[in-house]
Number of protein chains: 2
Amino acid sequence: MIITVDVEEDVYVFRQYIKRYEEDSENAWNCCSWFEYLLIVILSTVLLIGVLVLTLFWVIFYRGGFAWADSPQLQFNLHPVLMVAGCVTFSGFSILLYRLCRCIKHLYVKLTHMLFHACAIPCIVMAFLAVFESHNLVEPPKPHFYSLHTWLGLITMAMFAVQFIVGFFSFLVLLCCENRTYSCRSAMVPIHASFGLANFMMAVATCVTGLVETERQLVGETGLSTRNSEIEHYIMNSMGVVFVALGIIISVAVRRSNAPATAKVYVTERLEIN
Amino acid sequence: MIITVDVEEDVYVFRQYIKRYEEDSENAWNCCSWFEYLLIVILSTVLLIGVLVLTLFWVIFYRGGFAWADSPQLQFNLHPVLMVAGCVTFSGFSILLYRLCRCIKHLYVKLTHMLFHACAIPCIVMAFLAVFESHNLVEPPKPHFYSLHTWLGLITMAMFAVQFIVGFFSFLVLLCCENRTYSCRSAMVPIHASFGLANFMMAVATCVTGLVETERQLVGETGLSTRNSEIEHYIMNSMGVVFVALGIIISVAVRRSNAPATAKVYVTERLEIN
C-alpha cells in the first residue's frame, strides 16, 4: 500500500507524543506523586477524624456534655459536635473519596459520595434545631441570625441543600436515560465540583467564626484567669488551626490529587460520567 | 512507499484524538468558558479592591482613622488596613495575574507576579510593627501571640516569607542557567502554586478571625445598643462575608481558569517555565 511521507511524520509525532506523555506521567507518579497522594490521604483522614474527636473532647470535658430541651446550655453543645460531624467530617470524606478513589466502578464511587453526604443531613438538621431551640430557651432569649457565624452558616446550609438536590438529580436520577443526558451531565461535573469545594470552604469558615465567637465569650467571662479556662483557650485555638488546615488540605487534594495525569483524568472523567 | 495497515490505524486514532480534543476545548471556550473567565476576573477584581475600600471606610469612619506611636489605639488601626492591602489585595492580584494573564511573554508575567508580592512586603512589615507597638503602648499592655488570630497570622507571615524567597530563587535567579535548572524548576511549579494558594487561604482565615475578635469586642463593649455600633456590626459582618467569598473565588479561579484546556496548559506550562 502506498502512502505519502506526511503520514509517517504524523505517526512519528503521535508516537513521540504518547511516549513522552507516558514517560512523563509515569515518572511523576513514581517519584513523588505516590508520596504526595498517600500524604494527602493520611493527613486528610487524620485531620477529618481528629477535628471531630477534638470537638467531642472539648464539649464533654470543658462544656459539660449534652442534653436536649431541659438544659438549653447543654443543648447548645450538640450544635458544634453535630455540625462538625455533618459539614466537615462526613462532607470532607465524601469529597476525598470521590476524588481519590479510582480503583472501583465509578457508579459505586458516586453512590458512596452521595451516601456520605446523606449521612451529613440528619447531623446538620439536628445541629440547627439544637441551636435554634437553645437560643429561644435561654434567659434572656438570644436573637437569631445576627452574627457573622450565623450569616455564613445560613449560606452554607442553603448551598449544601442546593448542591445535594442538584447533584442527586443530575448524576443519579438522569442516569435513567444515559445517552440523552450525557452532554448535560458532563457540563455539570466541573460546576458541581467547584460548588462542592466552595461549600466545604464555607463550612470551614463558619466553624472558625463560631469557634472564635465562643472563645471570645470565654475570654470575656473568665479573663483566662483560671488554669482550666487557659487550657480550654489553647484547645479552642488548636481546633481553629485544624479547621484552617483542613480547608487548605482538602482544596489542595481536590486540585492536586490527579495533577500528573491531568489530561488522562480529563478524558477518563468524561467517559466515567456514566 | 509501502507500509503496514497498523500505521494507518495509528494515524486515524491520532487524527481523531487531535480533532476531538480541539473541538472539545474550542467548544468549551466558546460556550461558557469565556463567560466564566470574565466573571472570575471581574468578580475577583471587584472583591479584592472592594474589601480594601470597605476596610478603609470602616477604620476611618468608625475607628477614628490613623496615627503612629502617639496614640496606640489609632496606631492599631494601621494593622487591618495594611494587612488587608498586603496579604489579600496585592497577593490576590498577584495570583490572579499569574493564572489568568497568558497574553504577554511569560517572563513579564513572572516579574509582575513577583512585583505585586514585593509590594505586599512593606505593607505586612508596617502592619506587624503597628500592632506590636500598639500592644506594648496601651495601658495595661496586651499580651502578644495569644489568640487564634495571632497564631494564624504568624504562620501566614512565615509561609509568605518562605514562599517569596524560594519563589524568587527558583523561578528568577535560577534562570541564569536555564537548561541545567529546568527539571528542578519544573518540579517546583506545582508545589509553589499549591503553597501559594494555601498561603492566600491562611491570610483570609487570619483576616476573618481578627475581624470576629474585634466584632466580639465591640459587642462586649457596647452591647450594640447604639445605632452607630449596630451599623458598624453590620459593616464588619459584610467584610467577613467578602473575605470568605474572596477565599473561595480565588481558589476556584486558580483551579478552574484553564480547565477546558487543561492538557494544553499542562504542556505549555512546562514549556513556559523559562
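Fair warning: this is a prediction, and the values are worked out from it, not measured in the lab. (Residues numbered from 1 in each chain as written. Chains lettered and ligands numbered in written order. Predicted model: local features only at pLDDT ≥ 70, side-chain atom pairs only at ≥ 80, totals over all residues. Heavy atoms only, no water.)

Undergrad: How would you explain the overall build of chain A if you had to name every residue and give the values?
TA: The helix and strand inventory of chain A stands at eight helices and zero strands. Counting only contacts in chain A whose residues sit at least 6 apart along the sequence, the fraction spanning at least 24 positions is 74%. Accessible surface, chain A as shown: approximately 13500 Å² in total, 70% of it carbon and sulfur. (Helix = DSSP H or I, 4+ residues; strand = E, 2+ residues; numbered from the N terminus. Contact = heavy atoms within 4.5 Å. Areas by Shrake-Rupley, 256 points an atom, 1.4 Å probe, with all protein chains shown as cover.)

Undergrad: Explain unusual backbone geometry to me, using residue names and the numbers behind them.
TA: Cis geometry marks the peptide bond from E139 of chain A to P140 of chain A; its omega dihedral reads -10°. Relative to the elements of secondary structure, P140 of chain A occurs in the loop between α4 (106-137) and α5 (148-171). The backbone phi angle of F145 of chain B is positive, close to 50°, even though this residue is not glycine. Relative to the helices and strands, F145 of chain B resides in the loop between α4 (106-137) and α5 (148-171). The phi torsion at L224 of chain B lies on the positive side, around 50°, for a residue other than glycine. Note on L224 of chain B: relative accessible area 10%, which makes it buried. (Buried < 20%, exposed > 50% of the residue type's maximum accessible area, 1.4 Å probe, protein only.)

Undergrad: Lay out the nonpolar core in plain terms, naming residues and giving numbers.
TA: Here is a general trend for soluble globular proteins: nonpolar side chains tend to be buried in one another's company. Grouped together as the largest cluster of nonpolar side chains are 86 residues, with contacts concentrated most on V88, F243 and I250 of chain A together with V88, F243 and I250 of chain B. When sequence neighbours within four positions are dropped, the list of residues in contact with F243 of chain A reads V51, V84, V88, V204, C207, V208 and L211 of chain A. Counting twelve residues, the second-largest nonpolar core is a separate cluster that includes L82, A85, I124 and A127 of chain A. (Core = buried A, V, L, I, M, F, W, Y, C linked by side-chain atoms within 4.5 Å.)

Undergrad: Can you break down the pattern of salt bridges residue by residue, with the values?
TA: Residues and elements named next belong to chain A. Per the stated rule, a full pass over the model turns up six salt bridges over all chains. In this structure, R63 engages E232 in a salt bridge whose closest nitrogen and oxygen atoms are separated by 2.8 Å. Of the two residues, R63 sits in the loop between α1 (5-62) and α2 (72-76) while E232 sits in helix α7 (residues 227-256), which places them 169 residues apart along the sequence. Residue classification places R63 among the partly exposed residues on the basis of a relative accessible area of 24%. (Salt bridge = Lys/Arg side-chain N within 4 Å of Asp/Glu carboxyl O.)

Undergrad: I'd like a rundown of the packing of aromatic side chains, residues and numbers included.
TA: Residue and element names in this part refer to chain A. Evaluation of the coordinates by the stated rule reveals 26 aromatic pairs over all chains. Ring centres of W34 and Y37 lie 5.4 Å apart, and the angle between their planes is 75°; this geometry places the pair in the edge-to-face category. With W34 and Y37 both in helix α1 and three residues apart, this pair spans about one turn of that helix. Pairing F160 with F164 gives two aromatic rings, centres 6.5 Å apart and planes at 10°, and the pair type is stacked. With F160 and F164 both in helix α5 and four residues apart, the pair spans about one turn of that helix. Taking the relative accessible area as the measure of exposure, F160 reaches 12% and is therefore buried. Site record: aromatic cluster; members linked through ring pairs are F160, F164, F168 and F169. It is K105 that lies over the ring of Y108; its NZ or CZ is 5.9 Å from the centre. (Phe/Tyr/Trp six-rings, centres within 6.5 Å; stacked < 30°, edge-to-face > 60°. Lys NZ or Arg CZ within 6 Å of the ring centre and 35° of its normal.)

Undergrad: Run through a nonpolar patch on the surface, naming residues and quoting values.
TA: Together, W68, I121, V125, M126 and L129 of chain A make up an exposed nonpolar region whose accessible area comes to about 400 Å². Locating V125 of chain A in the fold gives a position in helix α4. (Patch = residues over 30% accessible without salt bridge, like charges linked within 9 Å, V, L, I, M, F, W, Y side chains within 5 Å.)

Undergrad: Quick one: what's the story with the side chain of H113 of chain B, residue by residue and with numbers?
TA: Examined against the element boundaries, H113 of chain B turns out to sit in helix α4. Once residues lying within four places of it in the same chain are set aside, the contact partners of H113 of chain B are S94, I95, Y98 and H192 of chain B.

Undergrad: Give me α5 of chain B: which residues, what numbers.
TA: In this model, α5 of chain B (24 residues) spans 33 Å end to end at C-alpha, consistent with the 34 Å of a helix rising 1.5 Å per residue. Burial in α5 of chain B covers these residues: L148, H149, T150, L152, G153, T156, M159, F160, Q163, G167, S170 and F171 of chain B. (Expected span 1.5 Å × (residues − 1).)

Undergrad: Outline the environment of R216 of chain B, supporting the account with residue identities and numerical values.
TA: With respect to the helices and strands, the residue R216 of chain B is situated in helix α6 (residues 182-222). Between the alpha carbons of R216 of chain B and A203 of chain B there is a distance of 20 Å; along the sequence they are 13 residues apart. In this structure R216 of chain B touches S147, E213 and R216 of chain A, once residues within four positions along its chain are discounted.

Undergrad: Mind laying out α6 of chain B, listing which residues take part and the relevant values?
TA: Residues and elements named next belong to chain B. Taking 1.5 Å as the rise per residue, α6 with 41 residues should run 60 Å; its terminal C-alpha atoms sit 59 Å apart, in good agreement. Within α6, the axis deviates most sharply at V189, by approximately 30°, and proline P190 lies no more than four positions further along. One or two steps after α6, the chain reaches G223, where phi turns positive at roughly 65°. (Bend = angle between axes of the 7 residues up to and from the residue.)

Undergrad: Report on the UniProt feature "transmembrane region" (unreviewed entry) in chain A, specifying residues and quantitative values.
TA: Per the UniProt record, "transmembrane region" (unreviewed entry) is annotated on residues 37-61, 81-101, 113-132, 152-177, 189-212 and 234-254 of chain A. The span residues 189-212 of chain A is 100% helical and 0% strand by assignment, and the distance between its end C-alpha atoms comes to 35 Å. (UniProt positions renumbered as here; feature names shortened; annotations may be inferred.)

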